[in-house]
Amino acid sequence: MTLPRHAWRGGVRVPRHKNLSNTEPSRAPPLPARLIYPLRSHIGTAARPVVGPGDRVLKGQCLAEPDSYVSQALHAATSGTVRDILDYPVAPGDVMTASIVIEVDGEDRGIDPWPSLPADADGDAIQRRLTEAGVIGMGGAGFPSHVKVREGLTRTVRTLIINGVECEPYITCDDRLMREHAAEIVAGARWLKRAVNAGECFIAVEEDMPEALAALQAHPAEGVTIGTVPAIYPAGGEKQLIKLLTGREVPSKGLPIQAGVLMHNVATARAVYAAVVEGRPLTSRYVTVTGGMTRPGNWRALIGTPVSHLLQEGGWRGGDQRVIMGGPMMGMALCSLEVPVTKVTNCLLVQEAAPAFLAAMPCIRCGECLRVCPVQLNARALYEYSKAGDLDAAQDLNLFDCIECGACAYVCPSHIPLVGYFRAAKAAIAAAERRQRAAAENRGRYERHQRRQAADQAGSATASPLPAAAGEDREALRAEIAAAVERVRARRAASEPPDGERGGPA
Amino acid sequence: MLPWLLLAILGLAAGLAVTRPARGGRDDAALAEKTERIDALLPQTQCGLCGYHGCRPYAEAVARGEAAIDRCPPGGAATVAALADLLGVEPLPAPVSPPARVAVIDERLCIGCTLCLDACPVDAIVGAPRLMHTVIAALCTGCGLCLPPCPVDCIQLRPVPAARGAG
Ligand code: SF4
Ligand code: SF4
Ligand code: SF4
Ligand code: SF4
Ligand code: SF4
């Protein structure tokens, strides 16, 4: 059986560099000295730590629990000691994020796995297990998988798509995973299909991944169709693949479920299998480490491993090359190599020589960017508006529908880094919205403050927490404060001055 | 073609509506509305750096044409641009925004006098009489108004750690 193919506009054929990393079996790197777990490396609210500094932890032990419905659990990937919970840079952008840091003890002792779920477990039980095991989408944004399953429990899922369309030129982690763990992926897909009661299930790979296709097809399963899609970038994008396989469109700003679709990445499907059948939480993943190094390939990396550890194992000599997290099309250059591998880290790419950064030339209005945009955006106009800072106009042209695939920048003959402008414009809009929200909240608290003070002055005893309003004797209070000030002065004189200089308003 | 024409006519009508001079009691209403719209563009830090006692008084002054649009340092270029846009005037060079800072109370020294509670315009401090006070960093705008009243000088302004907002 082959997969259906519907018309799909846009996209671009890019040269592939997959055989750099996909010819050798995956390898396990030696244990790193420490592991770093950002409490927030996914969509949703930060996880809540359940361990503290000094605690001994075992492999598979829970480190942090989901703090809300849209959040994730984190688990130790090996045994060790919690050194601290502190702000640590996390990619992209080296955003300082509270993180649990574990000193690895090298013994790799683990806890017993959970019992497998019974074969007739219902959607609720599967959803609970996925929450407990910290399974999140491993293909991109890191959306908690149990939330998607919940969507599927409450709404009709016509099509479940397991996405193995690894369309970024250098990345091969899903390719290797499919070749090495095809049976688990297919089984995971069947569990997901059962959980959400999906009408049909497709597992899709790219046309030029014959080995992965063969590996999957060696495990035929009822109700699961395995097949290929054309190797046109970005066919693996969520909305693009849905259009390609079902002909249905996900509305602007909408979710796949609105088109009757749930999509999970192949690595997620395997993590589902591991959680449900093997009773293991998600603590490792395949990461492609490729580009300018002596031993490019795929690593079975523990979540939390510092990026520098994998680069070293890959034989990177270091130097002034750029390290990109993600692929060359959608990835972002890293500033710090100490950032950890998270559940969504698929690739580290060391760009061979210094990339041929060609100076951007003026736009010649050739329209190439419009032709390749998979979301049919007017990339040229978006670029003009983003550059000019006309963010309203950019939003009117559906800036937020841009999936940052980079196809437009790739084909631009003037070498304009269009996506860079789009990312900056989105960030500027988000910042403006944050400022707006903060101002509204400030105003609310300010008005309450004013009302309270007015009530105080009117002598009302109810409105204020202040002692003067509680009917106390002002003179006695003043004396009490003076005495306290004296005590502090004496204490200050006795000990060394408190750290830091006292700042004042500029 | 047609929708554009329609929009143009609507725009013209709207333009006439706002430029028509208001008379009598409608003056006050118009002024109040203008003040409201200006206030909505201010950061609501209530820091007083504009020389007025808070954002609304400054908004009133701008609405009456008594204050220039470049007086609000926390708002910076974004506020100047938004005000220029709203009022249909040329943007002025933006004032220098103060560095992002946050107040920190040295809790070992705080005597619990509650004077800073009163001073903080945006209720970013929590505490109770004779008990330790502390600043809720996420709510603090770094205006520094809580510093002068503290009798034991135990409040400092510190630089905001990088990318705090992202967490
Ligand atoms: S980066 Fe955005 S604008 Fe450019 S092709 Fe991709 S979706 Fe279209
Ligand atoms: S591809 Fe580049 S040069 Fe051509 S229209 Fe788009 S932005 Fe302009
Ligand atoms: S300077 Fe700006 S933020 Fe501060 S009180 Fe004046 S208007 Fe408000
Ligand atoms: S705590 Fe101090 S610096 Fe912070 S907002 Fe309140 S008064 Fe201003
Ligand atoms: S003014 Fe100073 S001493 Fe008084 S409650 Fe505030 S921080 Fe504490």
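Residues numbered from 1 in each chain as written. Chains lettered and ligands numbered in written order. Predicted model: local features only at pLDDT ≥ 70, side-chain atom pairs only at ≥ 80, totals over all residues. Heavy atoms only, no water.

Describing the overall build of chain B
Within chain B, the regular secondary structure consists of five helices and four strands. Starting at the N terminus and walking to the C terminus, you meet the elements of chain B as α-α-α-α-β-α-β-β-β. Here chain B holds 167 residues, and the buried ones make up 37% of them. Taking all contacts inside chain B whose residues are at least 6 apart in sequence as the whole, residues at least 24 apart take part in 49%. (Helix = DSSP H or I, 4+ residues; strand = E, 2+ residues; numbered from the N terminus. Buried < 20%, exposed > 50% of the residue type's maximum accessible area, 1.4 Å probe, protein only. Contact = heavy atoms within 4.5 Å.)

Here's the deal with the sheet that holds strand β11 (residues 261–265) of chain A
Residues and elements named next belong to chain A. The parallel open sheet is built from four strands, whose spatial order is β10-β9-β8-β11. Here the strands that pair on one side only, and so sit at the sheet edges, are β10 (224–229) and β11. Put simply, the sheet's adjacent strands are angled 25° from each other on average, direction ignored. Examined bridge by bridge, strand β8 (residues 159–164) and β11 share five bridges and lie parallel to one another. In the sheet register, Thr 159 faces β11, and the bridge partner there is Val 261. Against the sheet, helix α3 (residues 173–196) makes contact with β8, β9 (200–206), β10 and β11, and its axis sits at roughly 165° relative to β8, the strand it touches most. (Pairing = 2+ DSSP bridges. Axes fitted to C-alpha atoms, helices over the stretch in contact; angles between N-to-C directions.)

A short note on the site of ligand 1
Around ligand 1, the structure places A:Cys373, A:Pro374, A:Val375, A:Cys402, A:Ile403, A:Glu404, A:Cys405, A:Gly406, A:Cys408 and A:Phe422. Class assignment for the residues of the shell around ligand 1 results in eight nonpolar, one polar and one charged. (Near = heavy atom within 4 Å. Nonpolar A, V, L, I, M, F, W, Y, C, P; charged D, E, K, R; others polar.)

Digging into the domain arrangement of chain A
All names here are of chain A. Its domain assignment divides chain A into domain 1 (18–290), domain 2 (291–351) and domain 3 (361–449). In this complex, domain 1 contributes five residues to the contact, which on the side of domain 3 involves five residues. For the pair domain 1 and domain 3, the summed buried surface comes to about 500 Å²; carbon and sulfur atoms form 56% of the total. Summed over the three residues of domain 1 that lose the most area to domain 3, namely Tyr 233, Pro 234 and Gln 240, the buried surface amounts to 63% of that side. Remark: the boundary between domain 1 and domain 3 carries zero salt bridges. Scanning the region where domain 1 abuts domain 3 turns up two residue pairs in polar contact (both at pLDDT 80 or more). Among the residues forming the side of domain 1 that touches domain 3, the class breakdown is two nonpolar, two polar and one charged. (Domains from an automatic or database assignment. Buried area = accessible area lost by both parts, 1.4 Å probe. Salt bridge = Lys/Arg side-chain N within 4 Å of Asp/Glu carboxyl O. Polar contact = N/O pair within 3.5 Å; in protein donor to acceptor, adjacent residues only side chain to side chain.)

Examining the packing of aromatic side chains
Counting across every chain of the model gives two aromatic pairs over all chains. With 5.1 Å between their ring centres and 70° between their planes, A:Tyr383 and A:Tyr421 make a pair best called edge-to-face. Here the residue A:Tyr383 occupies a position in helix α9 (residues 379–388), and A:Tyr421 occupies one in helix α12 (residues 418–457), the gap between them amounting to 38 residues. By relative accessible area, which is 6% here, A:Tyr383 ends up buried. The class of A:Tyr421 is partly exposed, set by a relative accessible area of 28%. Here B:Tyr52 and B:Tyr58 contribute two aromatic rings whose centre-to-centre distance is 5.8 Å and whose plane-to-plane angle is 45°, an arrangement assigned as tilted. A relative accessible area of 1% means that B:Tyr58 is categorised as buried. Seen from the ring of A:Trp299, A:Arg27 lies directly overhead, with NZ or CZ sitting 4.3 Å from the centre. (Phe/Tyr/Trp six-rings, centres within 6.5 Å; stacked < 30°, edge-to-face > 60°. Lys NZ or Arg CZ within 6 Å of the ring centre and 35° of its normal.)

Brief notes about the sheet that holds strand β2 (residues 48–49) of chain A
All names here are of chain A. A sheet is described by the order of its strands in space; here three strands give the open sequence β2-β4-β5, paired in antiparallel fashion. Of all the strands in the sheet, the pair left with one neighbour each is β2 and β5 (74–75). Of the pairings in the sheet, the one linking strand β4 (residues 62–65) to β5 comprises two bridges and is antiparallel in character. When the sheet's bridge partners are listed, Ala 64 is paired in β5 with Leu 74.

Quick notes on the confidence of the model for chain A
Residues and elements named next belong to chain A. In the predicted model, chain A carries a mean pLDDT of 89, and 93% of its residues have values of at least 70. Scored below 50 in pLDDT, residues 462–469 makes 19 contacts in the model with residues more than four places away or belonging to other chains. Long-range and interchain partners of residues 498–506, a stretch whose pLDDT sits below 50, account for 26 contacts in this model, where long-range means more than four residues apart. (pLDDT = per-residue confidence, 0-100.)

Some words on α9(A)
Residues and elements named next belong to chain A. For α9, the complete set of buried residues consists of Ala 379, Ala 381, Leu 382, Tyr 383 and Ser 386. Taken together, the buried residues of α9 touch α8 (368–372), α10 (391–396), α11 (407–411) and α12. In the segment just after α9, Gly 389 is the residue with positive phi, at about 75°.

Some words on the pattern of salt bridges
Residues and elements named next belong to chain A. Applying the stated criterion to the full structure yields 33 salt bridges over all chains. Of the charged contacts, one joins Asp 67 and Arg 48 as a salt bridge, the two residues approaching to 2.9 Å between their closest N and O atoms. A residue pair is termed long-range when its members are at least 10 positions apart, and Asp 67 in the loop between β4 and β5 and Arg 48 in strand β2 qualify at 19 residues. Look at Asp 67 and you get partly exposed, because its relative accessible area is 42%. Accessibility expressed as a relative area gives 38% for Arg 48, which makes it partly exposed.

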